[in-house]
Amino acid sequence: MLLVVAAPAFPAQPADGKPPLDSTKPGATIVDSDVRQEEALSKTKAGKVITAIDRTRDNIGTVRKTTKLDTVDIVFLTDAARSEGGPPPAIENKVKQHQEDVAELRQEIEANALLFNAIDSRRVQAEDVLAVEFDNPGKVVIYAAAKPPK
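The structure reproduced in this document is the subject of the present report.

What counts and what doesn't
- Residues numbered from 1 in each chain as written.
- Predicted model: local features only at pLDDT ≥ 70, side-chain atom pairs only at ≥ 80, totals over all residues.
- Heavy atoms only, no water.
- Buried < 20%, exposed > 50% of the residue type's maximum accessible area, 1.4 Å probe, protein only.
- Helix = DSSP H or I, 4+ residues; strand = E, 2+ residues; numbered from the N terminus.
- Polar contact = N/O pair within 3.5 Å; in protein donor to acceptor, adjacent residues only side chain to side chain.
- Pairing = 2+ DSSP bridges.
- Axes fitted to C-alpha atoms, helices over the stretch in contact; angles between N-to-C directions.
- Contact = heavy atoms within 4.5 Å.
- Parallel < 35°, antiparallel > 145°, perpendicular 65-115°, else oblique.
- Left-handed = near helix turned anticlockwise from the far one by under 90°.
- Nonpolar A, V, L, I, M, F, W, Y, C, P; charged D, E, K, R; others polar.

1. Here we look at helix α6 (residues 113-121)
- Those residues of α6 lying buried are L114, L115, N117, A118 and I119.
- One side-chain oxygen at the N-terminal end of α6 lies 3.0 Å from the backbone nitrogen of L114; it belongs to N112.
- Downstream of α6 by one or two residues, R123 has phi in the positive range, about 60°.

As structure tokens, this is what we get:
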């Protein structure tokens, strides 16, 4: 018995009539946000990072629903990078206290095209994200235990 399946030789036009996303420019198309970066020492940002880690459970839902942002700020906590021995004890203990929530947050960031492309554009791995903070509508701050790309 022979089974033959025919498929069109050209991509289908979407039902809404709009052209598909231009796959040659995924960063510009998906991340329609201003991605900024800052370098800081963990001791100067410890309070904000710890507060953001404490709010991780609430922020997971926000990450899941986020489809558009005006600004994505990535704060590189350079002294907390793995190459520097990791986060200081106060932050590391808070991450351990919220270990399951932080792991889920990282998965949600990887699953969110906008946020994943934002961190990827700055060569931040999801496993280096310590916390996120939604300051106001349209803005997120991502705290990463990493060094910026050279």
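Once you've had a look at it, read on.
2. With respect to the environment of K43
- Within the fold, K43 resides in helix α2 (residues 42-54).
- In sequence terms K43 and L77 are 34 residues apart; their C-alpha atoms lie 9.0 Å from each other.

3. Points about the sheet that holds strand β3 (residues 129-133)
- Pairing is mixed in the open sheet, where four strands are placed in the order β1-β2-β4-β3. Pairing within the sheet leaves two strands with one partner each, and these edge strands are β1 (34-40) and β3. Neighbour-to-neighbour, the strand axes of the sheet open up by a mean angle of 20°, direction not taken into account.
- Relative to strand β4 (residues 139-144), strand β2 (residues 71-77) is paired through six bridges, and the arrangement is parallel. Counterpart to V75 in the pairing with β4 is Y143.
- Across the sheet, α6 is in contact with β1, β2, β3 and β4; its angle to β2 comes to roughly 45°.

4. Notes on the pairing of β3
- For β3, the buried fraction is high: five of the five residues fall into the buried class.
- Both β3 and β4 contribute to a ladder of four bridges, which runs antiparallel. Counted as the bridge partner of V129 is A144 from β4.
- In sequence, β3 turns back onto β4 through a hairpin of five residues, with G138 there showing a positive phi of about 90°.

5. Things to note about the packing of helix α3 (residues 56-65) against helix α5 (residues 99-111)
- Running from N to C, α3 and α5 point in directions that differ by 10°, and their axes come no closer than 9 Å. As judged from the angle between their axes, α3 and α5 are roughly parallel. Read as a crossing pair, α3 and α5 show a hand that is left-handed. Packed against α3, whose contacting residues are T56, R57, I60, V63 and R64, the element α5 presents D101, V102, E104, L105, E108 and I109 at the interface.
- Partitioning the contact of α3 with α5 into residue classes produces five nonpolar, one polar and five charged.

6. A closer look at the environment of L115
- Locating L115 in the fold gives a position in helix α6.
- Exposure remark for L115: the relative accessible area of 1% places this residue in the buried category.
- Placed 27 residues apart in sequence, L115 and I142 show a C-alpha to C-alpha distance of 9.3 Å.
- With residues up to four places along the chain from it excluded, the contact list for L115 reads V63, L69, I109, V140 and I142.

Worth remembering: the numbers are spatial, not functional.
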